[in-house]
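Chains, contacts and geometry: an overview
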Amino acid sequence: MTFATLGLIEPLLRSLETLGYQTPTPVQAQAIPAVLAGRDLMAAAQTGTGKTAGFALPLLQLLAMEGPKVTANSVRALILVPTRELAEQVHEAVRQYAENLPLRTYAVYGGVSINPQMMKLRSGVDLLVATPGRLLDLFRQNALKFNQLQTLVLDEADRMLDLGFSEELANIYRALPSRRQTLLFSATFSDDIRLLAGQMLNDPLTVEVSPRNVAANTVKQWIVTVDKKRKPELFVHLMRKGKWKQVLVFAKTRNGVDALVEKLQGLGINADGIHGDKPQATRQRALDRFKASEVQILVATDVAARGLDIEDLPLVVNFDLPIVAEDYIHRIGRTGRAGSTGEAISLVCADEVNLLSAIEMLTRQTLKRQSEPDFEPEHRVPDTDASGQVVKKPKKPKKPKASGGGGGKRNLGKWVDSGEAAPVEPSIKPVRKVPVFNTGPRKRKP
Ligand code: AMP
């Protein structure tokens, strides 16, 4: 199969040739003809499967071949994405695909001045990539109208809900014409999203190129158990031992990112961090330098790293496990992309056992455990498996106290199972998703 047999026009084929795309990926093979035929689409595909081209190519073709010229402050196709970085990345891909077409494309997102965006929109844009908050700001200030809108794409739709964009999305839908083509793309789909899609899409074609919620199978994954307070030390130890050259590291909070970056920089390690509190220009610069291998270790929160496409990234480290199990799949999807292999290592402490169990259940695998000499945890991480069980080892019977009181041996570590020091629920708590469309902002800037 070739891109030509999928029905793409010559100017797009020329762009693809320049980019070196020879064969359509499975998601592209299914999505491109369906979108060209005007169908609504609900597509679940693993990260790195080429889903951006799967919607962008046919969309550009429809814009070039059909419909009236775009008028002032109007937009004909809208791609909504959850983060600023993803907006830049998707727009860059769109720009490359549209190289030989007379179409105007643009990206708008928050964290930068709105005025240049308003100026740019004055003459109309054929295809706009946007984050929901800034799009609404522009709409409310009359810098944008949707009367010409023919296609809406929701990229990483589940993540948009996770980030608390449900209200913004509902407001955007209300402003859009009801007759339109809608494409829903996501690396993973929760049941909530499926429900939402049922309400939003009109007789959609479902495209699912990989088993639902299964982690990238080109990524070698394992965990190292460790006490929480020793994670930074273990990270540096593993980094030196493994001679890591380029690593994307995920931490749970902004403070966690800053603390690790500070520690690494203090040791003379070339590290930088990105999270929602940093100005957009700083985030983009750190990312660009990481991609150019000028920064060795990039530490990020989930929101900052969502959907990033970094070529040949060999290693992802989960310094903290994600709160939402599906984020694990997104995180490790940063490596092992487009057919290459990668590694994903998670540093797991006893507190995180329920998160670990939820990840194993979601990905239907028991992650291989490796203990690192000198870093074996005092607080044991209970055994887990893909069934969602957290196995609690029975307590060892207490030895009778040595007589003589204070003079006895203090060998507590030997016979008190250290796992007991950190109480752990025997069953996992359900990993929740935001109820569809009726919740306010949650964790806009983790
Ligand atoms: P995506 O899943 O859209 O983020 O794409 C992942 C990577 O695969 C990007 O770097 C794309 O440029 C690349 N890519 C997408 N489609 C193809 C293709 N058909 N052949 C080669 N590379 C591709």
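Residues numbered from 1 in each chain as written. Predicted model: local features only at pLDDT ≥ 70, side-chain atom pairs only at ≥ 80, totals over all residues. Heavy atoms only, no water.

1. Comments concerning the sheet that holds strand S13 (residues 342–348)
With parallel pairing, the seven strands of this open sheet are ordered in space as S10-S11-S9-S12-S13-S8-S14. Of all strands in the sheet, those bounded by a partner on one side alone are strand S10 (271–274) and strand S14 (368–370). Sheet twist, expressed as the mean angle between neighbouring strand axes with direction ignored, is 25°. Direction of pairing for strand S9 (residues 247–250) relative to strand S11 (residues 297–300): parallel, over a ladder of four bridges. Counted as the bridge partner of Val-247 is Ile-297 from S11. Across the sheet, helix H11 (residues 254–266) lies against S9, S10 and S11, angled at about 170° from S10, the strand it touches most. Strand contacts of helix H14 (residues 325–332): strand S8 (219–225), S9, strand S12 (315–318) and S13, with the helix running at about 155° to S12, the strand carrying the most contacts. (Pairing = 2+ DSSP bridges. Helix = DSSP H or I, 4+ residues; strand = E, 2+ residues; numbered from the N terminus. Axes fitted to C-alpha atoms, helices over the stretch in contact; angles between N-to-C directions. Contact = heavy atoms within 4.5 Å.)

2. Things to note about the environment of Ala-34
With respect to the element layout, Ala-34 can be found in helix H2 (residues 26–36). Here the alpha-carbon distance between Ala-34 and Pro-204, two residues 170 residues apart in the chain, equals 9.6 Å. Not counting residues up to four positions away in its chain, the partners in contact with Ala-34 are Arg-39, Leu-41, Gln-181 and Leu-205.

3. Some points on the pattern of salt bridges
According to the stated counting rule, one finds 16 salt bridges in the structure shown. The partner of Arg-254 in a salt bridge is Asp-277, and the shortest N-O contact between them spans 2.9 Å. Taken together, the positions of Arg-254 in helix H11 and Asp-277 in the loop between S10 and helix H12 (280–291) put the pair 23 residues apart, joining distant regions of the chain. Residue class for Arg-254 comes out partly exposed when judged on its relative accessible area of 27%. Put simply, Asp-302 and Arg-331 hold a salt bridge, and the shortest N to O gap is 2.8 Å. Of the two residues, Asp-302 sits in helix H13 (residues 302–305) while Arg-331 sits in helix H14, which places them 29 residues apart along the sequence. Assessed through its relative accessible area of 2%, Arg-331 is described here as buried. (Salt bridge = Lys/Arg side-chain N within 4 Å of Asp/Glu carboxyl O. Buried < 20%, exposed > 50% of the residue type's maximum accessible area, 1.4 Å probe, protein only.)

4. Observations regarding helix H9 (residues 191–200)
Where H9 is concerned, the buried positions are Ile-193, Leu-196, Ala-197 and Met-200. For H9, the angular spread of the buried residues around the axis is 105°, confining them to a single face. For H9, the exposed residues set more than 90 degrees away from the buried face come down to Asp-191, Leu-195, Gly-198 and Gln-199. Of the surrounding elements, those touching the buried residues of H9 are strand S1 (41–44), strand S5 (151–155), helix H7 (157–162), helix H8 (166–175) and strand S6 (181–186). (Arc of directions from axis to C-beta.)

5. Details of the sheet that holds strand S4 (residues 125–130)
An order of S3-S4-S2-S5-S6-S1-S7 is seen for the seven strands of this open sheet, with the pairing classed as parallel. Lying at the two open borders of the sheet, with one neighbouring strand each, are strand S3 (105–108) and strand S7 (205–208). Adjacent strand axes in the sheet meet at a mean angle of 15° when their direction is disregarded. In the packing of H2 onto the sheet, contacts are made with S1, S6 and S7, and the angle to S6 comes to roughly 170°. Against the sheet, H9 engages S1, S5, S6 and S7, with an angle of about 170° to S6.

6. Quick notes on the packing of aromatic side chains
Applying the stated criterion across every chain yields a total of five aromatic pairs. Between Tyr-21 and Tyr-97, the aromatic rings sit 6.0 Å apart at their centres with planes inclined by 70°, giving edge-to-face as the arrangement. Remark: Tyr-97 occurs in helix H4 (residues 84–97) and Tyr-21 occurs in the loop between helix H1 (10–19) and H2; sequence separation between them is 76 residues. Since its relative accessible area comes to 32%, Tyr-21 is described here as partly exposed. Relative accessible area serves as the criterion here: at 3%, Tyr-97 is assigned to the buried category. Ring geometry for Phe-139 versus Phe-146: centroids 5.1 Å apart, planes at 25°, classification stacked. An aromatic cluster is defined as three or more aromatic residues linked by ring pairs; in this entry it consists of Phe-235, Trp-244 and Phe-319. (Phe/Tyr/Trp six-rings, centres within 6.5 Å; stacked < 30°, edge-to-face > 60°.)

7. Observations regarding the packing of H2 against helix H3 (residues 51–65)
Close contact between H2 and H3 brings their axes to 8 Å; oriented N to C, the two are set at 25°. Comparing their axes, H3 and H2 come out roughly parallel. Crossing of H2 over H3 shows right-handed handedness. Touching Val-27, Gln-28, Ala-31, Ile-32, Val-35 and Leu-36 of H2 are Lys-51, Ala-53, Gly-54, Leu-57, Pro-58, Leu-59, Gln-61 and Leu-62, all from H3. (Parallel < 35°, antiparallel > 145°, perpendicular 65-115°, else oblique. Left-handed = near helix turned anticlockwise from the far one by under 90°.)

8. Observations concerning the pairing of S9
Because side chains alternate across S9, one face comprises the buried residues Val-247 and Val-249, and the other comprises Leu-248 and Phe-250, equally buried. Bridge analysis of S9 against S12 gives four bridges, and the strand direction is parallel. Counterpart to Phe-250 in the pairing with S12 is Asn-318.

9. Some words on the nonpolar core
Counting residues in each nonpolar core, the largest one holds 43 residues, and the members touching the most others are Leu-57, Leu-60, Ile-79, Leu-127 and Phe-185. Of all the elements in the fold, those that place two or more residues in this core are H1, H2, S1, H3, strand S2 (75–80), H4, S4 and S6. The leading source of residues in this core is H3, at eight residues. Ignoring any residue separated from it by four or fewer positions in sequence, one finds Leu-60 in contact with Leu-12, Val-94, Tyr-97, Ala-98, Leu-101, Leu-103 and Leu-127. If you look at the next biggest cluster of nonpolar residues, it comprises 39 residues, including Leu-121, Phe-165, Tyr-173 and Val-303. (Core = buried A, V, L, I, M, F, W, Y, C linked by side-chain atoms within 4.5 Å.)

10. Some remarks on the confidence of the model for the protein
Averaged over all residues, the pLDDT of the protein is 82; the fraction at 70 or higher stands at 81%. Here residues 400–446 is a poorly scored stretch, pLDDT under 50, and it has 92 contacts once near neighbours within four places are set aside; other chains count. (pLDDT = per-residue confidence, 0-100.)

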